[in-house]
Amino acid sequence: MTANNNIPFLDLVTPHKELRAELREVFEKTLDTAGFIGGPMVQGFEQDFAKFCEAEHCIGVGSGTDALRFALIAVGVGAGDAVVTVPNTFIATTEAISQAGAGIVFVDIDEATYNLDPKRLREYIETACDFDANTGTLVDRKTGARVKAVIPVHLYGQMADMDAIMELAEKYNLIVIEDACQAHGAEYFSRKQNRWCKAGSMGRVSAFSFYPGKNLGACGEAGAITTNDAELAQKMRMLRDHGQAQKYYHDIEGYNGRLDSLQAGMLRVKLKHLAEWTELRRAAAGRYRELFSEEAGAIQPYEPEWSRAVYHLYVVRVENRDELMKQLASVGIGTGIHYPIPLHLQKAYGSLGYKSGDLPVAELVSREIVSLPMFPQLRADQQERVVSEVANFTSTAKVG
Ligand SMILES: *Cc1c(COP(=O)(O)O)cnc(C)c1O
């Protein structure tokens, strides 16, 4: 197998080659003006990204983790509170909850979409909590914590079933914070509003990551928060900048969590290509689906009719996942697992008291999922090879 026959899991070199001239221009402009922090590049990107998400405000921050943390703090989550989310996400989702001072509650996922299952959320609320309708307070009976917010994670680029989640949130006075770190541009058809809604426009606040491998990636660390609430937007602007709106006048204690100008400038260049990259990802997903339809043995991603996913990842399920990955690696095909250990079973969360079997769907899925190569420049012939290698493996695995 020659090196150029290899199919990487992700190609971050090609898109930057294509945009090299424009990105260089941003870099030179930044050096020439020494405008490294704040300024027109950051504001320009914030405006563009707010528009892209169909949200009123965008606040550029240092990372997706910052975005989640500032969102939680801004809406008033803190000590004595609990926040509900899913176990099959990147740990940043729950790090932000802990770092805001709150407790973590996990509810299981839907086996078809891999996103938060509204039925499990309802079950948690109705069987494990007490609700005081007069004060609008939901209390977790076991810990005594006030359940204040829920974080649906739009995993792999597909939005969670937001209507059902928002309906429960309204009924039980929960604040919805979208973890849209993998879902730039994803859409959800809200039956309630009778229209398509963009990721980052439905929750009270939403968090985005521009980690290089995300659908919109910076050339370093970056993130953003979106909201339609002007007051919250102002608070999050203060949180990212040491609690100041005016230099050295600190109304609150904040953080060093700004988006720097160089990244904002690069992101602004790349944002212009995002819609086109998303179409290429969706086309590649359609092609995988078609190629796999002739082969048995791997469960394909499920995209409900109310969803327009942006395929941050293309995740299939097979029984002998680890062996398949080894086999694909041996023929030069890159893969990944997102994620191998559900958060409730991670060592870091041992003290939460969850055990194996508590969240069976997330646990089952984590043993079988594998992320295949997926990026806008992925070619049809490469996908054909990936699918034929997977089919080879699943057919022999069945016979053996
Ligand atoms: C990437 C990611 C984050 C964290 O973003 P960073 O920019 O790496 O801090 C949070 N949640 C999810 C679901 C992610 O994929």
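Reading the values: the criteria
Residues numbered from 1 in each chain as written. Predicted model: local features only at pLDDT ≥ 70, side-chain atom pairs only at ≥ 80, totals over all residues. Heavy atoms only, no water. Helix = DSSP H or I, 4+ residues; strand = E, 2+ residues; numbered from the N terminus. Rg over C-alpha atoms; globule rule 2.2 N^0.38 Å. Buried < 20%, exposed > 50% of the residue type's maximum accessible area, 1.4 Å probe, protein only. Contact = heavy atoms within 4.5 Å. Pairing = 2+ DSSP bridges. Near = heavy atom within 4 Å. Polar contact = N/O pair within 3.5 Å; in protein donor to acceptor, adjacent residues only side chain to side chain. Areas by Shrake-Rupley, 256 points an atom, 1.4 Å probe, with all protein chains shown as cover. Nonpolar A, V, L, I, M, F, W, Y, C, P; charged D, E, K, R; others polar. Axes fitted to C-alpha atoms, helices over the stretch in contact; angles between N-to-C directions. Parallel < 35°, antiparallel > 145°, perpendicular 65-115°, else oblique. Left-handed = near helix turned anticlockwise from the far one by under 90°. Expected span 1.5 Å × (residues − 1). Core = buried A, V, L, I, M, F, W, Y, C linked by side-chain atoms within 4.5 Å. Domains from an automatic or database assignment. Phe/Tyr/Trp six-rings, centres within 6.5 Å; stacked < 30°, edge-to-face > 60°. Lys NZ or Arg CZ within 6 Å of the ring centre and 35° of its normal. Salt bridge = Lys/Arg side-chain N within 4 Å of Asp/Glu carboxyl O. Arc of directions from axis to C-beta.

A. Structural context of the overall build of the protein chain. If you tally the helices and strands in the protein chain, you get 12 helices and 16 strands. Compactness check: the protein chain gives a C-alpha radius of gyration of 21 Å against a globular reference of 21 Å for 400 residues, within 12% of the reference. When the backbone C-alpha atoms are referred to their principal axes, the protein chain occupies close to 65 × 60 × 40 Å. Per-residue burial over the protein chain gives 56% buried out of 400 residues. Long-range contacts, defined here as pairs at least 24 residues apart, represent 70% of the contacts in the protein chain between residues at least 6 apart.

B. Region of interest: the sheet that holds strand 14 (residues 307-308). Read across the sheet, three strands follow the order 9-8-14 without closing on themselves; strand pairing throughout is antiparallel. Only two strands of the sheet have a single partner each, and these edge strands are strand 9 (195-198) and strand 14. Where strand 8 (residues 187-190) lies against strand 9, four bridges are found, and the strand directions are antiparallel. If you follow Ser-190 over to strand 9, its bridge partner there is Arg-195.

C. Up close: the site of the ligand. Around the ligand, the structure places 14 residues, and the nearest of them are Gly-64, Thr-65, Gln-182, Ser-209 and Lys-214. The side chain of Thr-65 places a nitrogen or oxygen atom 2.4 Å from an oxygen atom of the ligand. Take Lys-214: an N or O atom from its side chain is 3.0 Å from an oxygen atom of the ligand. Protein chains shield 94% of the accessible area of the ligand, which is 380 Å² for the free molecule. Residues belonging to the shell around the ligand are distributed by class as follows: five nonpolar, seven polar and two charged.

D. Quick peek at the pairing of strand 10 (residues 205-209). Among the five residues of strand 10, five are classified as buried, and the element is accordingly described as predominantly covered. In the sheet, strand 7 (residues 175-179) pairs with strand 10 via three bridges, with the strands oriented parallel. Pairing of Glu-178 across the sheet is with Ser-206, part of strand 10. Relative to strand 11 (residues 223-227), strand 10 runs antiparallel, the two sharing five bridges. Bridged to Ser-206 within strand 11 is Thr-226.

E. Looking closely at the packing of helix 2 (residues 20-33) against helix 9 (residues 261-293). Their axes nearest at 9 Å, the elements helix 2 and helix 9 cross at an angle of 155°. Comparing the axis directions of helix 2 and helix 9 gives the class roughly antiparallel. Regarding helix 2 and helix 9, the two cross each other, and that crossing is right-handed. Here helix 2 contributes Glu-22, Leu-23, Val-26, Phe-27 and Thr-30 to the contact with helix 9, which in turn contributes Leu-262, Gly-265, Met-266, Val-269, Lys-272 and His-273.

F. Representation of helix 3 (residues 40-53) within the structure. Here helix 3 spans 20 Å end to end across 14 residues, near enough to the 20 Å set by a 1.5 Å rise per residue. All buried positions along helix 3 are accounted for by Met-41, Val-42, Gly-44, Phe-45, Glu-46, Phe-49, Ala-50, Phe-52 and Cys-53. Contacts from the buried residues of helix 3 go to helix 2, strand 1 (57-61), strand 9, strand 10, strand 11 and helix 9.

G. Region of the structure containing the nonpolar core. One finds Phe-45, Phe-49, Phe-210, Tyr-288 and Leu-372 to be the most contacted residues of the largest nonpolar core, which totals 97 residues. Element by element, the count of residues in this core is highest for helix 9, at 11 residues. Composition of this core by domain shows at least three residues from each of domain 1 (13-269) and domain 2 (274-399). Every residue in contact with Tyr-288, bar those within four places of it in the chain, is listed here: Gln-300, Tyr-314, Leu-372, Pro-373, Met-374, Leu-378, Gln-383, Val-386 and Val-387. Counting 31 residues, the second largest nonpolar core, distinct from the first, contains Ile-97, Ile-151, Ile-175 and Met-236.

H. How the structure looks around the environment of Ala-284. Assignment of secondary structure puts Ala-284 in helix 9. Sequence separation between Ala-284 and Lys-235 is 49 residues, and the spatial gap between their C-alpha atoms is 40 Å. Among residues more than four places away in sequence, those in contact with Ala-284 are Met-374 and Gln-383.

I. Representation of the packing of aromatic side chains in the model. Here the structure, examined in full by the defined rule, presents 16 aromatic pairs. Relative to Tyr-339, the ring of Phe-90 has its centre 6.2 Å away and its plane inclined at 35°; by these criteria the two rings are tilted. Linking Phe-90 in the loop between strand 2 (81-85) and helix 5 (92-99) with Tyr-339 in the loop between helix 10 (321-330) and helix 11 (360-368), this pair joins segments that are 249 residues apart in sequence. Tyr-339 gets classed as buried once you look at its relative accessible area, which sits at 17%. For the pair Phe-189 and Trp-196, a centre-to-centre distance of 5.5 Å together with 70° between the ring planes defines the contact as edge-to-face. Here Arg-69 stacks its cationic end above the ring of Tyr-255, 5.7 Å away from the centre of that ring. The lysine or arginine in question, Lys-198, covers the ring of Phe-52, its NZ or CZ lying 4.3 Å from the ring centre.

J. Highlighting the pattern of salt bridges. As enumerated under the stated definition, the model contains 22 salt bridges in all. Here Asp-81 ties to Lys-148 by a salt bridge, and the two come within 3.0 Å at their closest N and O atoms. On the criterion of sequence distance, the pair formed by Asp-81 in strand 2 and Lys-148 in strand 6 (residues 146-150) is long-range, its members being 67 residues apart. Neither residue differs from the other here; Asp-81 and Lys-148 are each classed as buried.

K. Quick look at helix 10. Residues Arg-321, Leu-324, Met-325 and Leu-328 constitute the buried set of helix 10. One face of helix 10 carries all of its buried residues, which in axial projection span an arc of 100°. In helix 10, the exposed positions angled more than 90 degrees off the buried face are occupied by Lys-326 and Ser-330. The positive-phi residue at the C-terminal boundary of helix 10 is Gly-332, with phi of around 85°.

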